[in-house]
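# Chain and residue survey
Take a look at the letters that make up each chain.
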Amino acid sequence: MCKVIVFAGTTEGRLLAEFLSKRKVPAYICVATEYGEELLPEGGCLEISHERLDEERMELLMREKNLPLVIDATHPYAVEVTENIRKACERTGASYVRVLRENQGDLEDGKCIFADSVEAAAAILEQTEGNVLVTTGSKEAAKYTALPDYQNRVFLRVLSLPQVAEECTRLGFKGRNLICMQGPFSKELNAAMLRQLDCRYLVTKRSGNTGGFQEKLDAARECGCIPVIIGRPLKETGISVNACKRLLCEKFSIPSTAEVFLVGIGMGGRESRTEEASRILREADVIIGAKRMVEACAEAWQDTYQEYDSAKIRDYIACHPEYEKIAVVLSGDVGFYSGARKLLAVLGKQVHIICGISSVAYFMSRIGKPWDDAVITSAHGRRSNLASLVKHHRKVFSILGTTGGIASAAEKLLEYGLGNVTMYTGERLSYREEKILHGKPQDFVGYQADTLSVVCIENEDYEELPATHGIRDGEFIRDKVPMTKEEIRTVSLSKLGLKKDSVCYDIGAGTGSVAVEMAVRMPEGKVYAIEKKPLAVELLKKNKIKFAADNLEIVEGEAPFAMEGLQPPTHVFIGGSSGKMKEIMELLLEKNPEVRIVINCIALETVSETLHCLKALPVEDTEIVQAAVSRAKTAGNYHMMTGENPITIISCTGKRRQE
């Protein structure tokens, strides 16, 4: 049973016919020519006819098909056909929908000539000089013969049909002045024709996106050619192709079968997109993404949805089954600090990934430096110990993403004694306003940058960290404050099992040897060094500066009270408890029932207190190790071993309570 009649003959009509065919909706498609019929999908649920119908026969067709929904997707200039369809619907009571082309292009710059009709356009061109490319079709060809020397001056572009070529030849358009080609035509092809034919004018109808209007307009402007635009003769009301598809989905309960593409758009400028990305964007029914990226990518005729929340994007797609191709745009490359990870998690596996040019690849090429030896990080919406990375690596690249990002990075580098490094900064990459600078940190203090900013920092005097735990004791500023020795520190940190983004407490931090080792090993993590003694706090501050441990926060006070306002820890090292082990462990387990804890005990009383806690509190994976370290001292020509105090290392993990 026929559910829809589509009066086609245009790109819009073909798109709707393909939409109905793919979704198995029985439809009758009317086209104007056999060639138009050849462009439509064959078989299936579509019945196609190229028979020309007058008003009476349209009415008979609608009654024969039991008054289905009627869609008028005829050409904007087919005024009489549209009027016949409308009247036939009124007489039969069939529902009528008019699909209109979307106008596009900024025509208010004074560089276009407007004409109400082809006759008016020809009259205007009679008063001018220079070659003319005419793209208004073969039916209007005779009207251009009024131009003096039209056989040489006018270049006629028409469909590649034998009868069309014969008629145009009869009118006097021959040889290179008769161009028989089937569109659509890209801007580049239009521009090549205009240059090759040395045209000063291009005549076109204002026929919307699917008629190739914007590509003609852009090509003309690129070539310095003047567009002569013939406006629509009829002011109509109707809906877009996408709106019509939405109506069909609602009326016939058509589910979504859209292809979703996550598209990396490079830096933002069109030139930094891949050809594949540009093609997907051109073909998309809707462009989704953050405001800046949508505005950079969407054309005037495309639907848009400005949103970067993954769940909201998923819900929007589910509510719009009319879209067949959806492009979600992401800056740079989809695999480089982008929102693609979250989108893939909520959208499922049926998503196409279109890679883009990442900011690191683009920027490093602009400053002429390789980046395979760079540490790559992002300070945009995430934790990043940039100062420590710079101190311990020759080259660090970071995405900043705030107006004060460059200044903040420069000030941190100066704070941690890294004033001799070289900073390369990039803003608005790939845009006309692109700015790339370089200098010392002092040069960027107070600098207000664009939010779209990156930095590469080179440190020729970097201090490479050892591959394992165990910074030498002599590296720390110590004074008379107790310090966890490097051998014990190495074993204790190994028992902790830190991750790169862990949140750690060092309780009874002393000089900060454990806290510093934690911080420099976790550039994306956070360390809280809790210490009650003023002298130790001062040493902590000095060691924080020395090792550029910017992700280390010193908390002056006694545990457990000083811990109450801190974020929940994932890992905790306890080097001193002042007799409050149970209270400390209870608060830790309250903050995070699965926290990992390592405790160093020197006194037997501390061991006893800790063992009591292990029995009373909900912990598991307990382990007790005693380490005794001896160091050699010289005595004349001999070496004698001198034992350090044995340390009992107790580790455990919180056991999640059963609900």
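Note that residues are indexed from 1 along each chain, following the sequence as it is written. With pLDDT at 70 or above as the cut-off, local features in this predicted model cover only qualifying residues; side-chain atom pairs require 80 or more to be listed or tallied, and sums for whole chains, interfaces and linings still use all residues. Excluding hydrogens and water, the side-chain values take into account all heavy atoms of the structure.

### Quick notes on unusual backbone geometry
The residue after alanine 559, namely proline 560, is reached through a cis peptide bond having omega 10°. For the purposes of this entry, the term helix denotes a DSSP run of H or I that reaches at least four residues, the term strand denotes a run of E that reaches at least two, and both are numbered from the N terminus. In this fold, proline 560 is placed in the loop between strand E24 (552-556) and strand E25 (571-574). The phi torsion at serine 578 lies on the positive side, around 50°, for a residue other than glycine. With respect to the helices and strands, serine 578 occurs in the loop between E25 and helix H21 (581-591).

### Details of the sheet that holds strand E30 (residues 647-654)
Ordered by their spatial adjacency, 7 strands build an open sheet running E24-E23-E22-E25-E26-E30-E27, and the pairing between neighbours is mixed. Both outer strands of the open sheet, E24 and strand E27 (619-627), are each paired with one neighbouring strand and no more. Taken over all neighbouring pairs, the strand axes of this sheet differ in orientation by 15° on average, direction set aside. Examined bridge by bridge, strand E22 (residues 503-507) and E25 share 4 bridges and lie parallel to one another. Bridging from a neighbouring strand, isoleucine 507 pairs with isoleucine 574 of E25. A pair of strands is treated as paired once DSSP finds two or more bridges between them. For helices, the axis comes from a line fit to the C-alpha atoms of the stretch in contact; other axes are also lines fit to C-alpha atoms, and the angle between any two N-to-C directions lies between 0 and 180 degrees.

### Digging into the pairing of strand E13 (residues 286-289)
Remark: exposure states derive from per-residue accessible area (1.4 Å probe, protein chains only) relative to the maximum for the residue type, with buried under 20%, exposed over 50%, and partly exposed in between. Burial of E13 is two-sided: the residues Val286 and Ile288 facing one way and the residues Ile287 and Gly289 facing the other way are all buried. The sheet contact formed by E13 and strand E14 (residues 303-306) spans 4 bridges and is parallel. Each bridged residue has a counterpart across the sheet, and for glycine 289 the counterpart in E14 is glutamine 306. In terms of handedness, the path from E13 via helix H12 (residues 291-297) over to E14 forms a crossover that is right-handed. Place the viewer so that the strands point away; then a crossover is right-handed whenever the path from the first strand over the helix to the second strand goes clockwise.

### Considering the side chain of glutamate 307
Tracing the sequence through the fold places glutamate 307 in the loop between E14 and helix H13 (310-318). Put simply, glutamate 307 is tucked away with no salt bridge, and the nearest opposite charge, on lysine 312, sits 4.4 Å away. Side-chain atoms alone can form a polar contact between residues adjacent in sequence; in general such a contact is a pair of N or O atoms within 3.5 Å, and within protein one must be able to donate a hydrogen while the other accepts it. A distance of 2.9 Å separates a polar atom in the side chain of glutamate 307 from the backbone nitrogen of aspartate 309. Here, two residues are considered to be in contact whenever any of their heavy atoms come within 4.5 Å of each other. If near-sequence neighbours (up to four positions away) are discounted, glutamate 307 is found in contact with Ile288, Gly289, Ala290, Lys312 and Ile313. We score Asp and Glu as negative and Lys and Arg as positive, and we do not count His or the chain ends. Whenever a carboxyl oxygen of Asp or Glu lies within 4 Å of a side-chain nitrogen of Lys or Arg, that contact is scored as a salt bridge.

### Thoughts on the environment of lysine 395
Here lysine 395 shows up in strand E18 (residues 395-399). Remark: the alpha-carbon pair of lysine 395 and glutamate 460, spanning 65 residues in sequence, is separated by 8.4 Å. Setting aside its immediate chain neighbours within four residues, lysine 395 contacts Met364, Lys369, Pro370, Asp373, Ala374, Val375, Cys456, Ile457 and Glu458. A polar contact is formed between the side chain of lysine 395 and the side chain of aspartate 373, at a distance of 3.0 Å.

### Quick notes on the layout of surface pockets
The pocket and cavity definitions rest on a 1 Å grid over protein atoms only: a 1.4 Å probe that fits but cannot leave marks a cavity, an open set with protein on both sides within 12 Å along at least five of seven lines marks a pocket, and residues lining either have an atom within 4 Å of a point. Grid points are joined across faces, edges and corners, and a volume is the space filled by probe spheres set on the points. Computed from the structure, the second largest pocket encloses a volume of approximately 1,400 Å³. Along the wall of the second largest pocket there are 41 residues; nearest its centre are Ser331, Tyr337, Ser338, Gly339 and His380. Looking at the lining of the second largest pocket, the elements with two or more residues in it are H12, H13, strand E15 (325-330), helix H14 (340-347) and strand E21 (453-458). Ranked by residue count, the leading element in the lining of the second largest pocket is H14, at 4 residues. Of the residues belonging to the lining of the second largest pocket, the class tally is 18 nonpolar, 15 polar and 8 charged. Each residue gets one label: Ala, Val, Leu, Ile, Met, Phe, Trp, Tyr, Cys and Pro are nonpolar, Asp, Glu, Lys and Arg are charged, and the others, such as Gly, are polar.

### Observations regarding the packing of aromatic side chains
Pairing of aromatic rings covers Phe, Tyr and Trp, the last through its six-membered ring, and needs centres within 6.5 Å; plane angles under 30 degrees mean stacked, over 60 mean edge-to-face, and all others mean tilted. In total, this model carries 9 aromatic pairs according to the counting rule given. Considering the side-chain rings of tyrosine 316 and tyrosine 323, the 6.4 Å spacing of their centres and the 25° angle between planes classify their relative orientation as stacked. Accessibility classification places tyrosine 316 together with tyrosine 323 in one group, the buried group. Look at phenylalanine 336 and phenylalanine 397: their rings are 6.5 Å apart centre to centre, the planes differ by 45°, and that puts the pair in the tilted class. Here phenylalanine 336, found in the loop between E15 and H14, pairs with phenylalanine 397, found in strand E18; they are 61 residues apart in sequence, far enough to count as distant. Across this residue pair, the class does not change: phenylalanine 336 and phenylalanine 397 are buried. Among the aromatic residues, ring-to-ring pairing joins Phe336, Tyr337, Phe363 and Phe397 into one connected group.

### Topic: the pattern of salt bridges
Once the charged atoms of two side chains with opposite charge are near each other, the side chains can pair. One pass over the structure, following the stated rule, counts 43 salt bridges. The salt bridge partner of arginine 489 is glutamate 517, with a shortest N-O separation of 3.1 Å. One end of the pair, arginine 489, is in helix H18 (residues 486-496); the other, glutamate 517, is in helix H19 (residues 513-521), with 28 residues separating them in the sequence. A salt bridge links lysine 495 to glutamate 623, with the shortest nitrogen-to-oxygen separation between them at 3.1 Å. With lysine 495 in helix H18 and glutamate 623 in strand E27, this pair connects stretches of sequence that are 128 residues apart. When its relative accessible area of 35% is taken as the criterion, glutamate 623 is described as partly exposed. One network of salt bridges, with partners in common, ties together Asp473, Glu487, Arg489, Glu517, Arg631 and Glu644.

### Concerning the sheet that holds strand E20 (residues 435-439)
What holds strands together in a sheet is hydrogen bonding between their backbones, with the strands either parallel or antiparallel. The mixed open sheet is built from 5 strands, whose spatial order is E17-E18-E21-E19-E20. Every interior strand has two partners, whereas the edge strands, strand E17 (375-378) and E20, have only one. For this sheet the average axis-to-axis angle between neighbouring strands, irrespective of direction, equals 15°. Sheet topology places E17 next to E18; 4 bridges connect them, and they run parallel. Bridge assignment links valine 375 to a residue of E18, and that residue is valine 396. The strands touched by helix H15 (residues 359-366) within the sheet are E17, E18, strand E19 (422-427), E20 and E21, with E18 carrying the most contacts at an inclination of about 125°. Sitting on the sheet, helix H17 (residues 405-415) is in contact with E19 and E21, with an inclination near 170° to E19.

### A few points about the state of the cysteines
Put simply, a disulfide is two cysteine sulfurs that come within 2.5 Å. A full pass over the atoms with the stated rule returns 0 disulfides. Free cysteine cysteine 504: the closest other cysteine sulfur is in cysteine 652, separated by 15 Å. In this structure cysteine 504 comes out as buried when scored by relative accessible area, which is 0%. Here cysteine 613 is not disulfide-linked; the sulfur of cysteine 652 is the nearest cysteine sulfur, at 9.2 Å. Here cysteine 613 falls in the buried class, since its relative accessible area comes to 1%.

### Some words on helix H5 (residues 118-126)
Within the span of H5, buried status applies to Val118, Ala121, Ala122 and Leu125. Viewed along the axis of H5, the buried residues span an arc of 100°, placing them on a single side of the element. By definition, the arc is the one covered by directions from the helix axis to the C-beta atoms.

### With respect to the confidence of the model for the chain
In low-pLDDT segments, the atomic positions of the prediction should not be examined closely. The quantity called pLDDT is the predictor's confidence in a given residue, expressed from 0 to 100. Of all residues in the chain, 96% attain a pLDDT of 70 or more, and the chain-wide mean is 90. Across residues 103-109, confidence stays below pLDDT 50; counting only partners more than four residues off in sequence or on other chains, it has 20 contacts.

### A word on the nonpolar core
Inside soluble globular proteins, nonpolar side chains tend to come together where they are buried. Residues Ile507 and Leu588 are the most contacted members of the largest nonpolar core, which totals 29 residues. Of all the secondary-structure elements, those providing two or more residues to this core are E22, strand E23 (526-531), E25, H21, strand E26 (596-601), helix H22 (604-616) and E30. Examining the composition of this core, we find that 6 residues originate from one element, H21, more than from any other. When neighbours within four sequence positions are excluded, isoleucine 507 is seen to be in contact with Ile530, Ala559, Met563, Val572, Phe573, Ile574, Gly575, Gly576, Ile584 and Leu588. Only buried residues count toward a nonpolar core. Its members are Ala, Val, Leu, Ile, Met, Phe, Trp, Tyr and Cys residues joined through side-chain atoms within 4.5 Å.

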